[in-house]
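Structural overview
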Amino acid sequence: MKTFLYCDEVDDWLNPMTYEEFWRETEPFVLDTPTRDECDADIAEGANPVIVLAVLKRLARLQIISDLNLPYRDISPDRSFSRH
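Anyway, here's the lowdown on the structure attached to this text.

Reading the values: the criteria
- Residues numbered from 1 in each chain as written.
- Predicted model: local features only at pLDDT ≥ 70, side-chain atom pairs only at ≥ 80, totals over all residues.
- Heavy atoms only, no water.
- Phe/Tyr/Trp six-rings, centres within 6.5 Å; stacked < 30°, edge-to-face > 60°.
- Helix = DSSP H or I, 4+ residues; strand = E, 2+ residues; numbered from the N terminus.
- Patch = residues over 30% accessible without salt bridge, like charges linked within 9 Å, V, L, I, M, F, W, Y side chains within 5 Å.
- Areas by Shrake-Rupley, 256 points an atom, 1.4 Å probe, with all protein chains shown as cover.
- Salt bridge = Lys/Arg side-chain N within 4 Å of Asp/Glu carboxyl O.
- Buried < 20%, exposed > 50% of the residue type's maximum accessible area, 1.4 Å probe, protein only.
- Expected span 1.5 Å × (residues − 1).
- Contact = heavy atoms within 4.5 Å.
- Polar contact = N/O pair within 3.5 Å; in protein donor to acceptor, adjacent residues only side chain to side chain.

Describing the packing of aromatic side chains
Counted under the stated rule, the structure contains five aromatic pairs. Geometrically, the ring pair formed by Tyr-19 and Trp-23 is edge-to-face, given 6.0 Å between the ring centres and 80 degrees between the ring planes. You can see Tyr-19 and its partner Trp-23 sitting in helix α2 (residues 19–25), four residues apart, about one turn around the helix. Every member of this aromatic cluster is reached through a ring pair, and the members are Phe-4, Trp-13 and Phe-29.

As for a nonpolar patch on the surface
Residues Ile-51, Val-55 and Leu-59 make up a contiguous nonpolar surface patch of roughly 250 Å² in combined accessible area. The exposure class assigned to Leu-59 is partly exposed, which follows from its relative accessible area of 36%.

A word on helix α4 (residues 49–68)
Residue pairs three or four apart in sequence face the same way in an α-helix, which turns once every 3.6 residues. With 20 residues, α4 extends 28 Å from end C-alpha to end C-alpha; this agrees with the ideal 28 Å at 1.5 Å per step. Among the residues of α4, those classed as buried are Val-52, Leu-53, Leu-56, Lys-57, Ala-60, Arg-61, Gln-63, Ile-64 and Ile-65. Where α4 is buried, its residues meet α1 (7–14), α2 and α3 (36–44). For α4, the N-terminal capping position is held by Asn-48, with its side-chain oxygen 2.8 Å away from the main-chain nitrogen of Val-50. A positive phi of about 50 degrees marks Asn-69, the residue just after α4.

These figures come from the coordinates and say nothing about function on their own.
As structure tokens, this is what we get:
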């Protein structure tokens, strides 16, 4: 199972995934998202697959970050560095 230290790592992992990759790669996580059968049916009925995947990724991101209690990476400038 994939491990994460920070929220942005979840984004970096999910963003490049295709629809097929999403289902394969997120299988180890217990996600409270629509099932693949439900999403496949929505797409077959005319839902835009790009939007379906974007929603799935957003739901997965929120749940993984919450379940793992991931912090945001501190990107503040290093205060110990001084300019001369």
